[in-house]
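What follows is the residue order along each chain.
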Amino acid sequence: MEILGVGVELLTMFAGFGLLIGILFGFFGMGGSFLVTPALLVMGYAPNVAVGSGLAFVFGTSVIATLKHRDLGQVDYKLGVLMIAGTTAGIEVGKIGLEYLQHIGLAGSIVSIAYVGLLGSIGVFVTYNAVKGGGGGISHDAEDADADADDIPDIAKKIQSYHVPPMISLRGGITVSLWMVLLVAFATGLLSGFLGVGGGFIRMPALFYLVGVPVPVAVGTDLFEIVFSGGIGSFLYAQSGAVDLSIVVPLLAGSALGARLGAGATSLVDEDDIKVYFGVMLLLGAFAVAVRQVGDYVGIEVFDVVSLAIILGAALLVSGAVVLSSIRELRAEAVTSERSTAD
């Protein structure tokens, strides 16, 4: 039996994959193209179809996840618009740098090393700070009152201390210079454009560690940005016929549930746990990319499959941890509620 010209087994696999990625996407504000595109490439799809279909999936999933974060009060639209403006400019400059490296024949090696180094360093930094308890403990509820000053990372405090008019107010009771926000946005866009990636794994920690935005709001605002970047990218690829609906539709069917589960989990799971899961995902991602690059260097194609297996294993491990943590928190809240009622 076939639907959309594809076997039911393949459609079921895509739907399950979409559920898995949707949980990560809603929980972290990243993980879509980071997982989908390499998987499609290993499955034998043409590069433009893999990228175009991945972008279309990212767009649809980000809309679903953003709506859930909006319901939870975890989207700062003002900050999102400013970040879009700054990252767009940064991406253009980053692309110029990448094109220059391509011209001199060094793009492949430098970008690969930079990508692995950035993923790994951010993963180590986020995980270390969360494990030692230095990343804060900001309330899960973005509707709560202002974030305590002690909960804001030291780097963000320093950036907020620069009173360069105009000053703007953000969710969580944060006041920061407009120019500081644009500078952070430009820097993250620069890295995104240079590395040729969506940049969710850069923007989310940047919003927390550099601007001081609470983690749930950083995730929701990052997703709001991805709605625009993913929408524009998928539209451009669709015009050239590079978006395969037999891939995108089942992926979105699975992610429709997964994205809402992941987004809802950000209001349940402890913020330091969110950062630990995020850091572990990045570290395993860095290892997977490194394995793939080694395989390309030595000419062993099976390394691509090993790399994909590591990425999928990491996604399954982390999404499972997210779901289990959410269930544990819900049970704890239920027990607390029962005790309160009994008293």
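No experiment lies behind these values; they were computed from the predicted model shown.

Focus: the overall build of the chain
Within the chain, the regular secondary structure consists of 12 helices and 4 strands. Contacts in the chain between residues at least 24 apart in sequence constitute 78% of all its contacts with a sequence separation of at least 6. Carbon together with sulfur atoms contributes 67% to the accessible area of the chain, which is approximately 15300 Å² in total.

Quick word on the UniProt feature "transmembrane region" (unreviewed entry) in the chain
Per the UniProt annotation, the sites labelled "transmembrane region" (unreviewed entry) are residues 12-36, 48-67, 104-128, 176-201, 207-228, 235-254, 274-291 and 303-327. End-to-end, the C-alpha atoms of residues 303-327 are 36 Å apart, and along that stretch the chain is 100% helix and 0% strand.

Regarding helix H4 (residues 77-103)
Spanning 27 residues, H4 covers 39 Å between terminal C-alpha atoms, matching the ideal 39 Å at 1.5 Å per step. What H4 keeps buried is the set Leu79, Gly80, Leu82, Met83, Gly86, Thr87, Gly90, Gly94, Leu98 and Leu101. Looking one or two places after H4, you find Gly105, whose phi comes out positive at around 80 degrees.

Some points on the pattern of salt bridges
One pass over the structure, following the stated rule, counts 5 salt bridges. With a shortest N-O distance of 4.0 Å, Lys157 and Asp154 are connected by a salt bridge. Here Lys157 and its partner Asp154 are both found in helix H6 (residues 154-160), 3 residues apart, which amounts to about one turn of the helix. Judged by relative accessible area, which is 33%, Lys157 ranks as partly exposed. Assessed through its relative accessible area of 63%, Asp154 is described here as exposed.

Quick notes on the nonpolar core
Grouped together as the largest cluster of nonpolar side chains are 68 residues, with contacts concentrated most on Phe27, Phe28, Leu170, Phe201, Val213 and Phe278. If you tally residues by element for this core, the top one is helix H1 (residues 8-28), at 9 residues. Not counting chain neighbours up to four residues away, the residues in contact with Leu170 comprise Asp76, Lys78, Leu79, Val176, Val211 and Val213.

Section: the side chain of Ser234
Looking at the secondary structure, you find Ser234 in helix H9 (residues 215-239). In this view, Ser234 contacts Leu55, Ala56, Phe59 and Val243; residues no more than four positions away in its chain are not counted.

Rules of the game
- Residues numbered from 1 in each chain as written.
- Predicted model: local features only at pLDDT ≥ 70, side-chain atom pairs only at ≥ 80, totals over all residues.
- Heavy atoms only, no water.
- Helix = DSSP H or I, 4+ residues; strand = E, 2+ residues; numbered from the N terminus.
- Contact = heavy atoms within 4.5 Å.
- Areas by Shrake-Rupley, 256 points an atom, 1.4 Å probe, with all protein chains shown as cover.
- UniProt positions renumbered as here; feature names shortened; annotations may be inferred.
- Expected span 1.5 Å × (residues − 1).
- Buried < 20%, exposed > 50% of the residue type's maximum accessible area, 1.4 Å probe, protein only.
- Salt bridge = Lys/Arg side-chain N within 4 Å of Asp/Glu carboxyl O.
- Core = buried A, V, L, I, M, F, W, Y, C linked by side-chain atoms within 4.5 Å.

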